[in-house]
Structure formats: C-alpha cells, structure tokens
Amino acid sequence: MNLPERLKILLIRGGGIGDIILTIPALISLKKLMPKCEITILSPWSVDDDSSPIQLLYELDLIDNHISIPFINKPGLKNYLQLLKIVYSNRNKYQISICLRHSLRNLISRSLDYLFFRVLLNTRAGIGFWNASELSHLQLSENDTIPMVQEYKRLMYILGSEGLEVNTAETMMPNISDILSKIKKFDVKINSVDISKKYVIICPFGRDNKKKWSLQNYIELSKILINNGLYIYIIGSEEERKIGNQIVKSIGKNSFNLCGKFTLIESVKLFERCALYIGNDTGPMHIAGLLNKPLVALFSKHSNPGKFYPMGDNNYIIRNEGDSIDNINISAVLKGINKFLKVKYE
C-alpha cells in the first residue's frame, strides 16, 4: 500500500477503561497496516488520571497523541461550544478521522459526530461515523437481550467494512505477543504488595448495580479460596477503598484491599502475575482479557450476550438465568474457577 509516510489519523472513542482497552486490536491493525502513521486518540480521559488507560496506549506505542474531552458524552450548548473550539484548533491536521464510538448512538448523535469530526475538522476521509446497531435495545423473551458479536471484533469489522485491509484473523483472537513482551519490560515497581504469592484478583465493583454480584457472595467465595491456600487482592477505585476495607475485614486473613493504590499501568503489572481474575462486567475484566489471564466473569441479563465479553481464550463466562445477577450461586462460580485452579469445597 502506497500511503503518505506520516498519515495523520484521529480516532474517536468514548467510554470507560474497558472501552478503551477494547480498541487495542484495532490500533494494532492500523499500526501494522500503516507503520508510519501518526494516531491521535480523542477520549474523555486525561493522561494524568491514575486510572487512565491512555497511558497504557502510549506505553504500548499504539498512539502518538491524545485529545481529552471529558464532556464528549454530555450534550448541551455550553459543551458543544467548547467542542467547537477544540475542533477548530485541530482543523486540517488529520487526513482520516475514525469514529469507533458505541453502537447505541442514535441518528442525531451520529450526525453530530460526523459534523464535528469529519466536516468541521476538515479531514479528507471519515470512517465508522454511520455504524450503529439497534440490536442492543431488542428485548427477547423473559427480558433477555439478543446475542451480539464481541465489541473488539465489531471495531475491527468497522475498519474492514470501510475498505481498510486489516487482518481479519485478529478479530477471532488478537495476537498480543508483542503487547505481552512490552508489558514485561514496563519499568514499574509494586512495592506495597507481594506478587510472589499465588493470588487471585477480585473486582466486586461496577458502575451499574444491576450488573454487580453481591459483596457477600464475593466474601464467602474469597474465604473458600483462602482455605485453599490462595491470597485475595481486592481492587477498585479510590472511591471504593472504604468498601474494600469492609470487604477484607469480613474475609479475614490473607485478603488485601488494593482499591485506589495503583495506577492503571501498575495494575497491569499486578494482573500479569495473578493466578486468576474474578469479577463483574467492568474495566479490570478487560485488562485480564487483554493479557489472556485465566478469568471468571459474571454477567447479568442487562448485557447483551457476547457484546462485552473479554478478549482472550482463557475465559469462563457465567450469565444469570433469572432477573437478578445474584441468581448466580457460589457453586457455579467455583465450577468456573476449577477450570483453572483445583479448589476443594463442600
């Protein structure tokens, strides 16, 4: 492919930690297709935020620049005026703008994205602006939702459907060997926790209460794992530290509250050495998936089957059958754990 040596690309992606991590296969493909391109990602995240996934993209050499727009998902006249100012300050800088935002956007949202990031930004080509799906809203019997392709695959398909010669084989299982080798070289020290022990990382939190297995279930599960010689590391945000203290107090010995203690880069190193990850449908789950670590993920019926399942082939997915995610019992989770670790329980 004869492309300009420094083809400049703006990639637009909103959402949380997991949403950004799920763009990594697409970024890898763009870098392989156009090794000399310069990629800027536009997201709600600040690089200076300790929990920001943007720094991870820099460390993995997948992006060259970043534009932070915290209000990108918050419509309003004031925000649109601020956005207009940012767009005009970057006008004529990019040859291609790629919109990899959520598939749930309505026609108005898609039209505004196209207006701001293709027309007013004055790029030569726009990709992905009209991609959307109403399937996420489609209710099936018993209040269930329709199965959908994994999100990282959808993002890859967008690039391919617009004519880019991406490696479609990576949509099945991204080749992350280069990523893993780079992560091993991260110059990060985790001094406040012993990573030589055999430990399980648990993230019992999440943004949506409907998608969170009860804390008491996690406490009882952790006690069983500790009785089998494992250590439990509870992770979460700084805001969740107080609850984390209550959890480890209830669990007892060999459990540790790491909520808010690490940057995302440090957390990646913590995940690299773990024996297993257990958690709800939330951002840290996608870190484990990216590293292809053994993981047990708990999903509720409020998520489309498949859509936000983690990457990798070391996953055991449990999805509740009833109205509440707490219909998943501890025995079902232990069954998943035994796919990776031999745990004795009554």
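To be clear, the structure that these remarks concern was listed above.
Residues numbered from 1 in each chain as written. Predicted model: local features only at pLDDT ≥ 70, side-chain atom pairs only at ≥ 80, totals over all residues. Heavy atoms only, no water.

1. A look at the overall build of the chain
Alright, step 1. On a plain count of helices and strands, the chain comes out with 12 helices and 11 strands.
Alright, step 2. Relative to its length of 346 residues, the chain is compact, with a C-alpha radius of gyration of 21 Å against a globular reference of 20 Å.
Alright, step 3. Its C-alpha atoms give the chain principal-axis dimensions of roughly 65 × 50 × 40 Å.
Alright, step 4. Every one of the 346 residues in the chain was classed for burial, and the buried ones make up 54%.
Alright, step 5. Here the analysis covers contacts within the chain between residues at least 6 apart in sequence; of these, 67% occur between residues at least 24 apart. (Helix = DSSP H or I, 4+ residues; strand = E, 2+ residues; numbered from the N terminus. Rg over C-alpha atoms; globule rule 2.2 N^0.38 Å. Buried < 20%, exposed > 50% of the residue type's maximum accessible area, 1.4 Å probe, protein only. Contact = heavy atoms within 4.5 Å.)

2. Focus on the side chain of R101
Alright, step 1. Counting through the fold element by element, R101 comes out in the loop between β4 (96-99) and α5 (107-120).
Alright, step 2. Polar contacts involving the side chain of R101 include one to the side chain of D113, which spans 2.7 Å.
Alright, step 3. What R101 contacts, discounting residues up to four positions off in sequence, is I12, R13, G14, I72, N73, D113 and R154. (Polar contact = N/O pair within 3.5 Å; in protein donor to acceptor, adjacent residues only side chain to side chain.)

3. Some words on the nonpolar core
Alright, step 1. Ranked by size, the top nonpolar core spans 99 residues in total, and within it I24, L270, I278, V333 and I337 carry the most contacts.
Alright, step 2. If one sorts the elements of this core by residue count, helix α2 (residues 24-33) sits on top with six residues.
Alright, step 3. I67, F116, L120 and L121 belong to the second-largest nonpolar core, a separate cluster that totals 16 residues. (Core = buried A, V, L, I, M, F, W, Y, C linked by side-chain atoms within 4.5 Å.)

4. Focus: the packing of aromatic side chains
Each aromatic ring pair is specified by the distance between its two centres and by the angle formed by the two planes.
Alright, step 1. Scanning the model with the defined rule gives 10 aromatic pairs in all.
Alright, step 2. Grouping aromatic residues by their ring pairs yields a cluster made of Y199, Y231, Y233 and F256. (Phe/Tyr/Trp six-rings, centres within 6.5 Å; stacked < 30°, edge-to-face > 60°.)

5. Notes on the pairing of strand β2 (residues 38-43)
Alright, step 1. A large share of β2 lies buried, amounting to six of its six residues.
Alright, step 2. Judged by which residues are buried, β2 turns out to be covered on both faces: E38, T40 and L42 on one side and I39, I41 and S43 on the other are all buried.
Alright, step 3. One ladder, built from five bridges, connects strand β1 (residues 8-12) with β2; its direction is parallel. Paired with L11 across the strands is I41, a residue of β2. (Pairing = 2+ DSSP bridges.)

6. Regarding helix α9 (residues 241-251)
Residues lying three or four places apart along an α-helix face the same way, a consequence of the helix completing one turn every 3.6 residues.
Alright, step 1. Considered for burial, the residues of α9 that qualify are G244, I247, V248 and I251. Along the long axis of α9, the arc covered by the buried residues comes to 90°, so they all point the same way. Away from the buried face of α9 by more than 90 degrees, exposed residues K242 and K249 are located.
Alright, step 2. Among the structural elements, α8 (215-227), β7 (231-234) and β8 (255-257) are those in contact with the buried residues of α9.
Alright, step 3. A positive phi of about 100° marks G252, the residue just after α9. (Arc of directions from axis to C-beta.)

7. Let's talk about unusual backbone geometry
Alright, step 1. A positive phi angle, near 60°, is found at D61, a position not held by glycine.
Alright, step 2. Along the chain, D61 falls in the loop between α3 (54-59) and β3 (65-68).
Alright, step 3. Even without being glycine, N254 reaches a positive phi, approximately 65°.
Alright, step 4. One can find N254 in the loop between α9 and β8.

8. Considering the packing of helix α4 (residues 77-89) against α5
Alright, step 1. Contact pair α4 / α5: the axes reach a minimum separation of 9 Å and the direction vectors enclose 25°. On the basis of their axis angle, the class for α4 and α5 is roughly parallel. The element α4 and its partner α5 pack so that their crossing is right-handed. From α4, Y80, L83, L84, V87 and Y88 reach across to α5, where they touch L112, F116, F117 and L120.
Alright, step 2. Among the residues making up the contact of α4 with α5, the classes are represented as nine nonpolar, no polar and no charged. (Axes fitted to C-alpha atoms, helices over the stretch in contact; angles between N-to-C directions. Parallel < 35°, antiparallel > 145°, perpendicular 65-115°, else oblique. Left-handed = near helix turned anticlockwise from the far one by under 90°. Nonpolar A, V, L, I, M, F, W, Y, C, P; charged D, E, K, R; others polar.)

9. With respect to the sheet that holds β7
Two pairing modes exist for strands in a sheet, parallel and antiparallel, and in both the strands are linked by backbone hydrogen bonds.
Alright, step 1. Ordered in space as β8-β7-β6-β9-β10-β11, the six strands form an open sheet in which the pairing is parallel. If you trace the sheet from one side to the other, it starts and ends with β8 and β11 (315-319), each paired once. On average, adjacent strands in this sheet sit at an angle of 15° to one another, irrespective of strand direction.
Alright, step 2. As paired strands, strand β10 (residues 295-299) and β11 are joined by five bridges and run parallel to one another.

Shape is all these values report; function is a separate question.
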